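Observations on the three-dimensional arrangement
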2 protein chains.
Amino acid sequence: MAKEKEKENGGLVVVEDGLNNNIKGPTNPMVTPLLTDLYQFTMAYAYWRNGKHLERAVFDLFFRKNPFGGEYTIFAGLEECIRFIANFKFTDEEITYLRSTLPACEDGFFDYLRSIDCSDVEVYAVTEGSVVFPKMPLLRVEGPVALVQLLETPFVNLINYPSLVATNAARHRFVAGKSKSLLEFGLRRAQGPDGGISASRYCYIGGFDATSNVEAGMLFGIPLRGTHSHAYVSSFMSLDEIGDKSLRTCNGSGTCEDFVKLVQTWLNKLQCLDSLRGVFGETNQSELAAFTSYALAFPNNFLALVDTYDVMRSGIPNFCAVALALNDLGYKAAGIRLDSGDLAYLSCETRKFFSLIEKEFEVPGFGKTTITASNDLNEETLDALNKQGHEVDAFGIGTYLVTCYAQAALGCVFKLVEINKQPRIKLSEDVAKVSIPCKKRCYRLYGREGYPLVDIMTGGNESPPKVAERILCRHPFTESKRAYVVPQHVEELLKCYWPGNSGKAREKLPPLKEIRDRCMQQLDLMRPDHMRRLNPTPYKVSVSAKLYDFIHFLWLNEAPVGELE
Amino acid sequence: MAKEKEKENGGLVVVEDGLNNNIKGPTNPMVTPLLTDLYQFTMAYAYWRNGKHLERAVFDLFFRKNPFGGEYTIFAGLEECIRFIANFKFTDEEITYLRSTLPACEDGFFDYLRSIDCSDVEVYAVTEGSVVFPKMPLLRVEGPVALVQLLETPFVNLINYPSLVATNAARHRFVAGKSKSLLEFGLRRAQGPDGGISASRYCYIGGFDATSNVEAGMLFGIPLRGTHSHAYVSSFMSLDEIGDKSLRTCNGSGTCEDFVKLVQTWLNKLQCLDSLRGVFGETNQSELAAFTSYALAFPNNFLALVDTYDVMRSGIPNFCAVALALNDLGYKAAGIRLDSGDLAYLSCETRKFFSLIEKEFEVPGFGKTTITASNDLNEETLDALNKQGHEVDAFGIGTYLVTCYAQAALGCVFKLVEINKQPRIKLSEDVAKVSIPCKKRCYRLYGREGYPLVDIMTGGNESPPKVAERILCRHPFTESKRAYVVPQHVEELLKCYWPGNSGKAREKLPPLKEIRDRCMQQLDLMRPDHMRRLNPTPYKVSVSAKLYDFIHFLWLNEAPVGELE
């Protein structure tokens, strides 16, 4: 494990990670202390004006409902939150702008803003990539109330979409199954540039294998995938446009001087094949030229988009002619991509075609050539394909995945639960919106079979649940819902990712691959009935008996008593 | 008009705008030449390998279907596209990464990439903020095929979400009506940081008045709005927490030494009012303390969130007590915000309460105190509020607006329509997906009443439609759909925003406010039946008779002939 050091440096905390690197700023340089709602500043001023700004407050960040009709969520976005606060500092330009925006505020307030950083803030969080549930705090943030308020909007922004899209990716993985390749192709349809970049990063965490997004590849080391588009195919008119027609054999032992001719020979053999009679006649020559030219450029990685003109009558025969020519020279074609039409039917027909070629021309493995599909796919279409039966090996998924089309927002909120060591509650006409007061500790209790059984929140000073010791878990709001649990394993959920001045050890920010592994392990650990798409069982989230009593005491205390007339 | 100059500067075009400023880079520094799909690079290599990379190609950027079940779209995102290409240049670091990602590519290809910029590209576009329709090109991009392919993904990304969210904003404005204030409050729920920043910018274009997003305010000069949250209210326990209790009168003539006491006096008067008997009793003192402290900080801009405990029994009476105390000192309270419950009912009850106070205490204008509402609002809830009747003056809209919850993506595509002066067509099993070939010119034809009647595309060499001259407008794919039009006004839609080496004049990039004004004017210009929410009439998009014939000639030419057996 890497050594960690922390030192105070002129008021700004410099934290050194791993190989003595400082914690970098946010991936997106637009994430600045101004990336927040104006009311955070007006409140900060009102706190300051009333001498309340340094009062120590505790806020919980949580959501109230799992997305996509499911019963689980993947927690993501933590690293960016920590990178944000590790570098939180107003610039002079920002202060000048704020001053112009809030002319009613006294000068001293801007001096205060200029002076602050997050050295006095503590952040406790669930490990990024964990499976999480409604009402449980994902982050607990402690610090001076005015400052922590300023963090609300960026924290919620930095958690909401990453968690939403990672969950969406995990759900797509669940339906597709572990054996399929899942490729994220969403950049062009994402909600803006870093919608696209974040989608690539957090879909990878949620179980995707690769992305088409080159910048995400460079920033995060995510594997890249891509071939060619319809434009490439239609940019060719004839085989005459191909430049250098020679191709060295795969092992370098010789050179085929006219690869184009070799392809044409193979196409002719296919056209003459009895077993393919009636399947296709003349294929599109622009397409054949495009495929051939692409194979000449990438003989080791020839993957062709076969639906520009007609999949079975042109694209597949043209692909096979090129693939067989490559095979003569010792290369193995990478496969085809279908981007329109009936993917179940076309993939099965394509597989038959490939198998027939394997048999007719004795090319071992040709029948298994990879079929990628990529046309407006989502959870439902994957599920429908599974039910119909298909021969697709890899799915390229874009729009529905990255924009979270089925539910475009997660509703994380940030609620004050304690100030000056006084627990606070936020009431609401809607019971589901009542917040759970107190600085809490959070645990996941595991049962005998290794599954997580229930999450439980306790007051900060209660003794933690113990292995093999019976504990009462209560629904936070419904009196009748409660259960005794004897945990076989107890996991404390909130860890210290930003210790501020507390002197505690700081959890390391793990690399992306580790976060992805954590996510895959966590999903594997869940009881299957929580995970299924149709009517999943809700996972139980509870409070200790003591916390339950306290919530309800506070609630009655704060709620005005009505008068019925 | 500002002077414009262009000069070649070591291969990189430096274009100077307005007051001799260079065109700035993209707002989001993450928008780099790597923000594209890997296949754009593999295609670029295959073009290069085949000596085809410099062939001059023309691509159209367009969408196929208006979003949100409507019949119009607002075009936005152009400025960022131009800022992107004005600064398009690979860094050494990017080249190194690409080389590691594409080890099969020859060195010469990377030398080529290193050498390119967009000085040889031309971009013609619709004016940002215009109302636009399916199938019509929003951008026409001309240039070397390999380079223009690299631009596809960033252009589509930079247009899709801005146009989508601007359209969403315009639709919200349409339902809310012109007299209401519309405030964008979406940052925390947006799809990432620049999802939030872009939302603020493009919702402003679409007709919103202000945002809560401070960074968007600073970057774009958008008016800011904001007050306080529930946390501020629940952070107070009692009136004792208020710091300095004195408040100078508005005109500076005197000082109220104990503003808290003045508030309490007013609350007492309200409690004793016969006409309010039974409406409320004891109000929440934490809330009263929060309101009072906030008013002390912002006496000129006191706007209170009134639903933390109970709107009618606590929030409104507490607000009125503070507002009346402020009134004594010559200040006018800004209003209240409702963030939960039945907004129609609560706003009407609140208005009654305010009017009663105006009457009872003779405070002119108190009855008109601004009521802002902000709980999960969207087009439907605004429409429902209108139907029920309400007293809301301003709407704060977040999640549904900025994530475009009703439809989270616009489907802009980028299609090759010509290469080497040869028109190209992309076929599809789905007629709606067939692209319209040729380098085209695009016009909007206006009728006698001033409304736009129809958009028409012609071949590049056809003579343009003329005022008062009859022209046949044909549906691009349906033979029977055609109409003669005698335009009273003809507007050419595509203007030159990036002339490359063509020597043409470059359209200036207008400031945000001008784009917003354009949008408002364009929306006003539309015939009302295209704009209505229920069953709007589709606006007609057509091609010239000559282009129609050519499309269908090319189509038959490229499509393989099937054999029925």
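Details of the structure are given in the entry above.
First things first, this report covers the structure right here in the doc. (Residues numbered from 1 in each chain as written. Chains lettered and ligands numbered in written order. Predicted model: local features only at pLDDT ≥ 70, side-chain atom pairs only at ≥ 80, totals over all residues. Heavy atoms only, no water.)

**With respect to the side chain of D37(B)**
Inspection of the secondary structure puts D37(B) in the loop between β3 (21–22) and α1 (38–49). By relative accessible area, which is 4% here, D37(B) ends up buried. Engagement of the side chain of D37(B) in a polar contact is seen with the side chain of S212(A), the distance being 2.5 Å. Once you skip the residues sitting within four places of it in the chain, D37(B) turns out to touch L187(A), R188(A), S212(A), N213(A), V214(A) and T153(B). (Helix = DSSP H or I, 4+ residues; strand = E, 2+ residues; numbered from the N terminus. Buried < 20%, exposed > 50% of the residue type's maximum accessible area, 1.4 Å probe, protein only. Polar contact = N/O pair within 3.5 Å; in protein donor to acceptor, adjacent residues only side chain to side chain. Contact = heavy atoms within 4.5 Å.)

**Notes on the environment of R248(A)**
All names here are of chain A. Secondary-structure assignment places R248 in strand β11 (residues 247–248). Each C-alpha atom, one on R248 and one on S355, is 27 Å from the other, the two residues being 107 residues apart in sequence. A polar contact of 2.6 Å, which involves the side chain of R248, links it to the backbone oxygen of G252.

**Describing the interface of chain B and chain A**
Counting residues at the interface gives 116 residues for chain B, matched by 116 residues for chain A. Regarding the contact of chain B and chain A, the summed buried area is about 9800 Å², with carbon and sulfur atoms giving 57% of it. Taken as a group, M30(B), R188(B) and Q191(B) account for 9% of the area that chain B buries against chain A, more than any other trio of residues on that side. Applying the counting rule to chain B against chain A returns six salt bridges. Among the ionic pairs, R188(B) bridges to D37(A), the shortest N-O distance being 2.9 Å. Seen at the junction of chain B and chain A, the total is 52 residue pairs in polar contact (both at pLDDT 80 or more). Broken down by class, the residue content of the side of chain B that touches chain A amounts to 52 nonpolar, 39 polar and 25 charged. (Buried area = accessible area lost by both parts, 1.4 Å probe. Salt bridge = Lys/Arg side-chain N within 4 Å of Asp/Glu carboxyl O. Nonpolar A, V, L, I, M, F, W, Y, C, P; charged D, E, K, R; others polar.)

**Looking at the pattern of salt bridges**
A complete count under the given rule lists 72 salt bridges over all chains for this structure. With a shortest N-O distance of 3.7 Å, R83(A) and E80(A) are connected by a salt bridge. Here E80(A) and R83(A) lie together in helix α2 (residues 78–86), a separation of three residues that amounts to about one turn. Overall, the relative accessible area of 10% leaves R83(A) in the buried class. By relative accessible area, E80(A) is classed as buried at 6%. A salt bridge links E391(B) to R351(B), with the shortest nitrogen-to-oxygen separation between them at 3.0 Å. One end of the pair, E391(B), is in the loop between α13 (379–388) and β16 (394–397); the other, R351(B), is in helix α12 (residues 343–361), and 40 residues separate them in sequence.

**What about the sheet that holds strand β23 (residues 489–492) of chain A?**
All names here are of chain A. Judged by pairing direction, the sheet is mixed, and its six strands sit side by side in the order β22-β21-β25-β20-β19-β23 without closing on themselves. Looking along the sheet, the strands with just one partner apiece sit at the ends: β22 (482–485) and β23. Strand-to-strand, the axes of this sheet are offset by a mean angle of 35°, without reference to chain direction. Pairing analysis gives four bridges linking strand β21 (residues 471–474) to β22, with the strands arranged antiparallel. If you follow C473 over to β22, its bridge partner there is A483. (Pairing = 2+ DSSP bridges. Axes fitted to C-alpha atoms, helices over the stretch in contact; angles between N-to-C directions.)

**Describing helix α12 (residues 343–361) of chain A**
Each full turn of the α-helix corresponds to 3.6 residues, which orients residues three or four apart in the same direction. Residues and elements named next belong to chain A. With 19 residues, α12 ought to run about 27 Å at 1.5 Å a step, and its terminal C-alpha atoms sit 26 Å apart, in line with that. All buried positions along α12 are accounted for by L343, A344, L346, S347, T350, R351, F353, F354 and I357. Its buried side turned inward, α12 meets α9 (259–272), α11 (311–328), β14 (335–338), β15 (370–373) and α13 (379–388). A positive backbone phi angle near 50° is found at E362, which sits one or two residues after α12. (Expected span 1.5 Å × (residues − 1).)

**Some details on the side chain of T42(A)**
Take T42(A): it is sitting in helix α1 (residues 38–49). A distance of 2.5 Å separates a polar side-chain atom of T42(A) from the backbone oxygen of T227(B).

**Quick notes on α13(B)**
Residues and elements named next belong to chain B. Every buried residue belonging to α13 is among E379, L382, D383 and L385, and all of these are buried. Here the buried residues of α13 occupy an arc of 160° about the axis, which is enough to place them on one side. Looking at α13, the residues exposed on the side facing more than 90 degrees away from the buried face are K387 and Q388. Of the surrounding secondary structure, the elements contacted by the buried residues of α13 are α5 (145–176), α12 and β16. Sitting at the amino-terminal end of α13 is N378, which places a side-chain oxygen 3.0 Å from the backbone nitrogen of E380. (Arc of directions from axis to C-beta.)

**Brief notes about the relation of the copies chain B and chain A**
In the superposition of chain B on chain A (RMSD 0.0 Å, axial shift 0.0 Å), the rotation amounts to 180°. The two molecules are tied by a two-fold rotation axis, judged by turn and shift. Comparing interface residues between copies, 100% of those in chain B also sit at the interface in chain A, which points to an isologous, same-surface contact. (Least-squares fit on C-alpha atoms with pLDDT ≥ 70 in both.)

**Thoughts on the sheet that holds strand β17 (residues 413–419) of chain B**
Residues and elements named next belong to chain B. Strands sit in the order β18-β17-β4-β8-β6-β24 across an open sheet of six strands; the sheet is antiparallel. Among the strands making up the open sheet, the edge pair consists of β18 (422–423) and β24 (495–498). Pairing of β17 with β18 involves two bridges; the strand directions are antiparallel. The partner of E418 across the bridge, within β18, is P423. This element, helix α2 (residues 78–86), spans β6 (122–125), β8 (139–144) and β24 of the sheet and lies at about 45° to β24.

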